[in-house]
Every structure is written in structure tokens, then in C-alpha cells.
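Here's the letter readout for the chains.
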Amino acid sequence: MQHPLSIYNTLSRKKEVFKALNPPYVGMYVCGPTVYSDVHLGNCRTFISFDIVFRYLQYLGYKVRYVRNITDAGHLEGDGDVGEDKISKKAKLAALEPMEIVQKYSTDFHEVMKTFNVLSPSIEPTATGHIIEQIEMVKTILDSGFAYEINGTVYFDVEKYNSTQDYGALSGRKLDDLLNNTRDLGGQDEKRGKLDFALWIKAKPEHLMQWPSPWGMGFPGWHLECSAMSNKYLGAQFDIHGGGMDLAPTHHTNEIAQNMASCGKQPANYWIHTNMLTVNGQKMSKSLGNSFLPHELFSGNHPLLLKGFSPMVVRFFMLQAHYRSTLDFSNEALDASEKGFKRLMSALALLEKLKTSETSEVDVNALEQKFRAAMDDDFNSPILIAELFDAARIINSIYDGKTKINTADLASLKKLIGSFVYDILGLYDDSQAADEIAPVMDFILKIRNEAKQNKDYATSDKIRIGLNEIGYQVKDGKEGSSWSKI
Ligand code: AMP
Ligand code: ZN
């Protein structure tokens, strides 16, 4: 009855039957956010995609150790080894400690993930918390002869590595092509080869985050943290490594090189890469200025939005596309998702109101097979959603008295829907709750505003903190206060 789970592996460029290294345990590492600014919806899409992988593996009975890091040092503006550290730069501009920036945006990221009903990973390690492990890894790579030090910076020797390994295996590109397409030394004249990347970077005195190392004061290169932390928490070889597909050609390619050079092993058996959320066909990205923040989408407060959409509608919209396809963001597409989501949720709500018969015309087992088949085929959530609409039609038909179901089958159907809609897709109906709570929240905020006007800050703070504790965030703006679900 069961289908094997198949996963598209970027490394082999084909779908492969998933075999855990050490069942029932599965180790999964996903590159997390760089916490120097608000996460935008594109970032959210990637983490929602991996949330589905995490949830489905658990549904299949695996005990998953899901490690998703927080990059809080070492990610330079140029994504290569040049430019300023993104967090340090922000800290300087805001006259704050880098760790204040890290704290603010980590908290913000967690709140956004919670709003989208994304499960927390098992471990969320940070780059700054693993400087020792990173230095150890640099030492090992130096010892193995695949790195060299110049003036306090340690570089990975890509051409030497490629003489025994295939450096471009993940991106499917040959070293010669890569060399031909790289113009110069990227502003680092000291490097031996154009493609060499920094494992450890010498810090200028004014650099805000730096640590002592055998090569002097410095900081780790961005790619190193993921190699060191995946190795520490999942071992030299683990099951799944993931991230957005923009990370494959450089970040993940360099990660593989680092792991191979230090441990002699390809770190992950399956490489999963999620495709991009786009706006008018262009990748949503902060630097392109076309990014939407989650709260702008929820409130509709953005010049390009005609109205707001609830977090579950946005999650549903994202799950209606397969994770390996691009997904274009538009008012029309979101509108269509909202309608579909409401239709699905209202049919599922009928499950509680169905009358049972002696006989049953519903084949719950067949439905389960179809649901499973969809998810077993490389986590195909859009096919699953199409099957769920079929199930919704059956539920409507039972409700209308046109199809019969008995008590046992109804119980199985409810369980099945519970597993696939709520546990695996992580969806629930948030519209009704929001509609009901809105006037109550507005009333509470009105009382708080009156308290503020009377300079009764104790009461206004008490309301804000109290609401926060039960899951609502209050924001004070020029036009007054607003609330949103955390
Ligand atoms: P960053 O904080 O920029 O390192 O990105 C965090 C994660 O979000 C990475 O896995 C990126 O690949 C992913 N990401 C960035 N932009 C997009 C996008 N437009 N669509 C989907 N994923 C994205
Ligand atoms: Zn990474």
C-alpha cells in the first residue's frame, strides 16, 4: 500500500527514492536567514517549503533532527568575500550593537515563522556561537592541504580541490566554465586563484565583530558556518541539506568543498533546493526593491496591494505551487487562492456536521492513497491540494445527502483530513477567528489609547504586554495603533 518517498536530488539531478542513513532518524540541515533585516515573503516561501518536508518526514514516522541556522556574522554584502558584514553595517548605521540587530531580527523572524505556522527546527545554531568549531575546521582544511593563509586570511584552494574532486558538481558546471566566467580576483589580489574563497577573513581594526584565531583577529567566511554546524549537530554525513536554489552555485558548492576537504565525505545524501518567489517574473529580493514584508501583505498596507490576505491564505497560495517551480506573486493569484482556501475550509468545516448512515459509499483508503502518492512524489503539495478539493466535493455531497458514509469511515476521514491539512500542510482556518476577534481588539486598543492620552502608561503597557502574551502584537504608528497576530 505504501509508496516510497522520492526526492529530487539537486546533486544527481534526478528523483531518487529516499533512504535514510540511519532510520528512523533523519538529519536535515537548512540554511537559515541572515538576521540583518526583516524577512521578506521570498525568504518565507523557502522556510515554508522546508516546513512541509519536516512535517511530512515526521508523518512518515521519521524522527527528524532539523537544524536551521541563524547567520549572525560573516555574511558580507557582496555574498563573496568583499564588502562590509551585513549585520555590522546595519549596526553602524543604527548606532547599535551588532547583537542588538541580531536579537531584533531573530525575534522578528521567529514571530513571522509562528504567524505562518512554521514549526520550530530542532536546533537553531548561530554562527557567532560556533566560532571555535569554525576555527577547528579551518585548521583541518589547512592540514589537509586544501587551504592557504595570506596575511591573516585563509583561502580555500578551489583549483587544487578540483584536481581530485568535482568542485562544480552541485551546479553542474565545469571548473573551466566557472573560471572563464569569473572576471578577476574580486578585489582580493592576494588570492592564488579566481575562484578561491575565504574560510577565515582578517579583520580591519574598525570591523565590529572579530575574534582571535591562529591567523590573528578575524571572522569566519559565510560558507564555513554551515559546514561546521551541520558537522557538529548531524555528523560528517547526514540525510538532507536544503536552502533556496540561489544558494546552490556558491554557498552550497563551497560548503561541499569544505566538508570534503575536512572530513573526506560528501555531507548530504540529498540536496533539496527550493525555487524563488518572483514579482513580475523577477526574484523577490531586498536589494531589487521588490520585496514584500509579511505584515504588509496581512494588512494590505503596500502600494502594490489591493487588499490584505490572512497568513493561512498566503501559506495556501505558496503550497499551491510545487517547491521546485517559481511562484509569481500578484493580487490576482492571491485573490484566487483566497477563494480556493475559503471553499476548502468551509467544506472541511462540514465534517463536524455530517450525518452518518448504516452503509458507506466513501473509500477513505483510496483517498489516503492519493494523498500519500502526491506527497511521496517529491512533496507535491499542489497535487495534494487538488486531491483535497476532490475530498471536499465528497464531503459536500455527504452533507447534501447525496452520498452515504458510516460512523467508522467518517472517523477515518476526519483523521485523514486532520493529518494532511492540519499536520502536514500546516493549514487551519484563520479567517473566522480574525473576523470575530477584530471588533474586540479594536475595542481594547481604544481603551489603551484613552489610557495613553490620560498618561496612564502603566495601563497602556499592561494591555500591550498582556496582548503580546496571548499572541497579539500592538504597533503604535503615526495614524494610531494597530494589532496583528504574532
Ligand atoms: P538570506 O537571508 O538572504 O540568506 O535568505 C534566506 C533564505 O531565503 C535562503 O535559503 C534564500 O535562498 C531564500 N530566498 C531568498 N530570496 C528568495 C525568494 N525570492 N524566493 C524564495 N526563497 C528566497
Ligand atoms: Zn548555509
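Digging into the nonpolar core
Okay, step 1: With 136 residues, the main nonpolar core has Leu 41, Phe 156 and Phe 329 as its most contacted residues.
Okay, step 2: Per-element accounting of this core gives the leading share, 10 residues, to helix α1 (residues 41-59).
Okay, step 3: Each of domain 1 (15-274) and domain 2 (278-424) gives at least three residues to this core.
Okay, step 4: When neighbours within four sequence positions are excluded, Phe 329 is seen to be in contact with Leu 41, Leu 277, Thr 278, Val 279, Met 284, Phe 292, Leu 297, Leu 305, Phe 317 and Leu 334.
Okay, step 5: Residues Met 441, Leu 445, Ile 463 and Val 474 belong to the second largest nonpolar core, which totals six residues.

Notes on the packing of helix α2 (residues 86-94) against helix α3 (residues 98-115)
Okay, step 1: Across the interface, α2 lies against α3 with an axial gap of 8 Å and an inter-helix angle of 105°. Judged by the angle between their axes, α2 and α3 are roughly perpendicular. The residues of α3 that touch α2, namely those facing Ile 87, Lys 90 and Ala 91, are Pro 98, Ile 101, Val 102 and Tyr 105.

Concerning the coordination of the zinc ion (ligand 2)
Okay, step 1: Protein coordination at the zinc ion (ligand 2): the donors are Cys 31 (SG), Cys 226 (SG) and His 251 (NE2), at 2.0 to 2.1 Å from the metal.
Okay, step 2: Spacing between the donor residues of the zinc ion (ligand 2) along their common chain follows C-x194-C-x24-H. Placement of the pair is Cys 31 in the loop between β3 (25-30) and α1 and His 251 in helix α8 (residues 248-263), with a sequence separation of 220 residues. With respect to burial, Cys 31 and His 251 carry one shared label: buried.

Description of the site of ligand 1
Okay, step 1: Around ligand 1, the surrounding shell holds 17 residues, and the nearest of these are Gly 42, Thr 46, Asp 246, Leu 277 and Met 284.
Okay, step 2: The contact in question runs from an oxygen atom of ligand 1 to an N or O atom on the backbone of Gly 244, over 3.0 Å.
Okay, step 3: Contacts to ligand 1 include Met 284, whose backbone N or O atom sits 2.7 Å from a nitrogen atom.
Okay, step 4: When ligand 1 sits alone it has 490 Å² of accessible area, and the protein chains cover 91% of it.
Okay, step 5: The set of elements that each furnish at least two residues to the shell around ligand 1 consists of α1 and β9 (238-244).
Okay, step 6: With four residues, α1 is the single largest residue contributor to the shell around ligand 1.
Okay, step 7: Split by residue class, the shell around ligand 1 holds six nonpolar, nine polar and two charged.

Regarding the sheet that holds strand β13 (residues 327-328)
Okay, step 1: Judged by pairing direction, the sheet is mixed, and its three strands sit side by side in the order β12-β11-β13 without closing on themselves. Either end of the sheet is taken by a strand with one partner, and the two such strands are β12 (282-283) and β13.
Okay, step 2: Where strand β11 (residues 277-279) and β12 come together, two bridges link them in antiparallel fashion. Within the sheet, the bridge partner assigned to Val 279 lies in β12 and is Gln 282.

Some words on the domain arrangement of the protein
Okay, step 1: Domain boundaries assigned for the protein yield domain 1 (15-274), domain 2 (278-424) and domain 3 (431-485).
Okay, step 2: Inter-centroid distance (C-alpha atoms) of domain 1 to domain 2 is 33 Å.
Okay, step 3: At the interface, 28 residues of domain 1 touch 36 residues of domain 2.
Okay, step 4: Summing both sides of the interface, domain 1 and domain 2 together bury roughly 2,700 Å²; the carbon and sulfur share of this comes to 68%.
Okay, step 5: On the domain 1 side of the contact with domain 2, Leu 41, Arg 45 and Tyr 56 bury the most area, a combined 27% of that side's loss.
Okay, step 6: Where domain 1 touches domain 2, the interface holds three salt bridges.
Okay, step 7: Here Lys 15 ties to Asp 377 by a salt bridge, and the two come within 2.7 Å at their closest N and O atoms.
Okay, step 8: Joining domain 1 to domain 2, the criterion identifies 12 residue pairs in polar contact (both at pLDDT 80 or more).

A look at the sheet that holds β9
Okay, step 1: Strand order in the open sheet formed by four strands is β4-β3-β9-β10, with parallel pairing between adjacent strands. Each having just a single partner strand, β4 (63-68) and β10 (268-274) make up the two edges of the open sheet. Here the strands of the sheet are splayed against their neighbours by 20° on average, with no regard to which way each runs.
Okay, step 2: Sheet topology places β3 next to β9; three bridges connect them, and they run parallel. Within β9, the position partnered with Val 30 by the bridge is Gly 242.
Okay, step 3: In this fold helix α7 (residues 222-234) packs onto β3, β4 and β9, with an angle of close to 165° to the strand it touches most, β3.

Looking at unusual backbone geometry
Leave glycine aside and you will find that most residues have negative phi; peptide bonds, for their part, are mostly trans.
Okay, step 1: Of note, the amide linkage connecting Pro 23 to Pro 24 takes the cis form, showing an omega dihedral of 5°.
Okay, step 2: By the secondary structure assignment, Pro 24 is in the loop between β2 (14-17) and β3.
Okay, step 3: The phi dihedral of Arg 13 is positive, around 60°, even though this residue is not glycine.
Okay, step 4: In this structure, Arg 13 sits in the loop between β1 (6-9) and β2.
Okay, step 5: Look at Phe 379: it is not a glycine, yet its phi comes out positive at around 55°.
Okay, step 6: If you trace the backbone, Phe 379 turns up in the loop between α12 (364-376) and α13 (381-399).

Things to note about the packing of aromatic side chains
Okay, step 1: Applying the stated criterion across every chain yields a total of 19 aromatic pairs.
Okay, step 2: Aromatic side chains Phe 316 and Phe 389 sit 6.5 Å apart centroid to centroid with 75° between the ring planes, which places their arrangement in the edge-to-face category. With Phe 316 in helix α10 (residues 311-319) and Phe 389 in helix α13, this pair connects stretches of sequence that are 73 residues apart.
Okay, step 3: Of the residues examined, Phe 389 reaches a relative accessible area of 13% and is grouped as buried.
Okay, step 4: In textbook terms, an aromatic cluster arises when at least three aromatic residues are bridged by ring pairs, as seen for Tyr 56, Tyr 59, Phe 371, Phe 379 and Phe 420.
Okay, step 5: Looking at Arg 192, its charged tip hangs above the ring of Tyr 148, at a distance of 3.9 Å from the centre.
Okay, step 6: Note that Arg 324 overlies the ring of Tyr 8, its terminal NZ or CZ placed 4.1 Å from the centroid.

What counts and how
- Residues numbered from 1 in each chain as written.
- Chains lettered and ligands numbered in written order.
- Predicted model: local features only at pLDDT ≥ 70, side-chain atom pairs only at ≥ 80, totals over all residues.
- Heavy atoms only, no water.
- Core = buried A, V, L, I, M, F, W, Y, C linked by side-chain atoms within 4.5 Å.
- Buried < 20%, exposed > 50% of the residue type's maximum accessible area, 1.4 Å probe, protein only.
- Helix = DSSP H or I, 4+ residues; strand = E, 2+ residues; numbered from the N terminus.
- Domains from an automatic or database assignment.
- Contact = heavy atoms within 4.5 Å.
- Axes fitted to C-alpha atoms, helices over the stretch in contact; angles between N-to-C directions.
- Parallel < 35°, antiparallel > 145°, perpendicular 65-115°, else oblique.
- Donors = N, O, S within 2.8 Å, 3.2 Å for Na, K, Ca; no water.
- Near = heavy atom within 4 Å.
- Polar contact = N/O pair within 3.5 Å; in protein donor to acceptor, adjacent residues only side chain to side chain.
- Areas by Shrake-Rupley, 256 points an atom, 1.4 Å probe, with all protein chains shown as cover.
- Nonpolar A, V, L, I, M, F, W, Y, C, P; charged D, E, K, R; others polar.
- Pairing = 2+ DSSP bridges.
- Buried area = accessible area lost by both parts, 1.4 Å probe.
- Salt bridge = Lys/Arg side-chain N within 4 Å of Asp/Glu carboxyl O.
- Phe/Tyr/Trp six-rings, centres within 6.5 Å; stacked < 30°, edge-to-face > 60°.
- Lys NZ or Arg CZ within 6 Å of the ring centre and 35° of its normal.

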